[in-house]
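Fold and contact review
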Amino acid sequence: MGQTLPKPGLRPFLPDDVPVLAAIFTASIEELTGDDYSEAQQQAWMEAAEDEEFGKRLAADLTLIATLEGSPVGFASLRGADHIRMLYVHPAVRGQGIATMLVDALEKLAGGRGATSLTVDASDTAEGFFAKRGYTAQQRNSVTINDEWLANTTMKKTLGAAQ
């Protein structure tokens, strides 16, 4: 007999979540982005979770937490009505639909906030995920994080009645 996997859930961000979300953020960058970014770039990127601004950014946005059996395994945040600011999933649950569930929810929330389109500055690692969901590349960007240059792509999706 097949084993039933636990069903993921969604809940809003709480201030006490910051340490576990910082750990998910760091693990995701460290284990999933190595094909697209150098170790120095990854280290600079991961350092963004080490300051108190990380929690402030999460609190300032509409941040959703994906859980399995009550434990956080991923998170995503919507800035304003129309920009996905963060999407990170723990490597241990990669490929289990967690990112899809989070982005589905953000797309519905954005539509509910009156947005007609949604943008994201997708890392090179996440670009394929967003492209499969109908996001199209608008422009390439170079951002400086702790003296390291990292590339990403601004992508956009028109939200429609099918949301």
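Because the structure is predicted, anything quoted here is derived from the model rather than measured. (Residues numbered from 1 in each chain as written. Predicted model: local features only at pLDDT ≥ 70, side-chain atom pairs only at ≥ 80, totals over all residues. Heavy atoms only, no water.)

Below, the discussion takes up the overall build of the protein chain. If you tally the helices and strands in the protein chain, you get five helices and seven strands. The order of helices and strands in the protein chain, counted from the N terminus, is β-α-α-α-β-β-β-α-β-α-β-β. Expressed along its principal axes, the backbone C-alpha trace of the protein chain runs to roughly 45 × 35 × 35 Å. Across the 163 residues of the protein chain, 43% fall into the buried class. (Helix = DSSP H or I, 4+ residues; strand = E, 2+ residues; numbered from the N terminus. Buried < 20%, exposed > 50% of the residue type's maximum accessible area, 1.4 Å probe, protein only.)

A separate point is the pattern of salt bridges. Inspection of every chain in the model, using the stated rule, returns eight salt bridges. Residue K56 is joined to E53 by a salt bridge in which the shortest nitrogen-to-oxygen separation is 3.6 Å. Of the two residues, K56 and E53 are both situated in helix α3 (residues 53-60); the distance of three residues between them amounts to about one turn of the helix. On the basis of relative accessibility, which here comes to 45%, the residue K56 falls in the partly exposed class. With a closest N to O distance of 3.0 Å, R133 and E107 form a salt bridge. Linking R133 in the loop between α5 (127-132) and β6 (136-145) with E107 in helix α4 (residues 98-112), this pair joins segments that are 26 residues apart in sequence. Shared partners join several salt bridges into a network, and the residues in it are D104, E107, R133 and K157. (Salt bridge = Lys/Arg side-chain N within 4 Å of Asp/Glu carboxyl O.)

Contact geometry of helix α1 (residues 18-32) with α3 gives a least axis separation of 10 Å together with a crossing angle of 100°. On the basis of their axis angle, the class for α1 and α3 is roughly perpendicular. On α3, the residues touching V18, L21, A22 and F25 of α1 are F54, G55 and L58. (Axes fitted to C-alpha atoms, helices over the stretch in contact; angles between N-to-C directions. Parallel < 35°, antiparallel > 145°, perpendicular 65-115°, else oblique. Contact = heavy atoms within 4.5 Å.)

What follows deals with the sheet that holds strand β7 (residues 148-158). Adjacent strands of a sheet pair through backbone hydrogen bonds, lying either parallel or antiparallel. Read from one edge of the open sheet, seven strands run β1-β2-β3-β4-β5-β7-β6, paired in mixed fashion. The open sheet has two free edges, formed respectively by β1 (9-12) and β6, since each of these has just one partner strand. Averaged over all pairs of adjacent strands, the angle between strand axes in this sheet comes to 30°, irrespective of strand direction. The sheet contact formed by strand β2 (residues 62-68) and strand β3 (residues 71-79) spans seven bridges and is antiparallel. What sits directly across from I65, in β3, is F75. (Pairing = 2+ DSSP bridges.)

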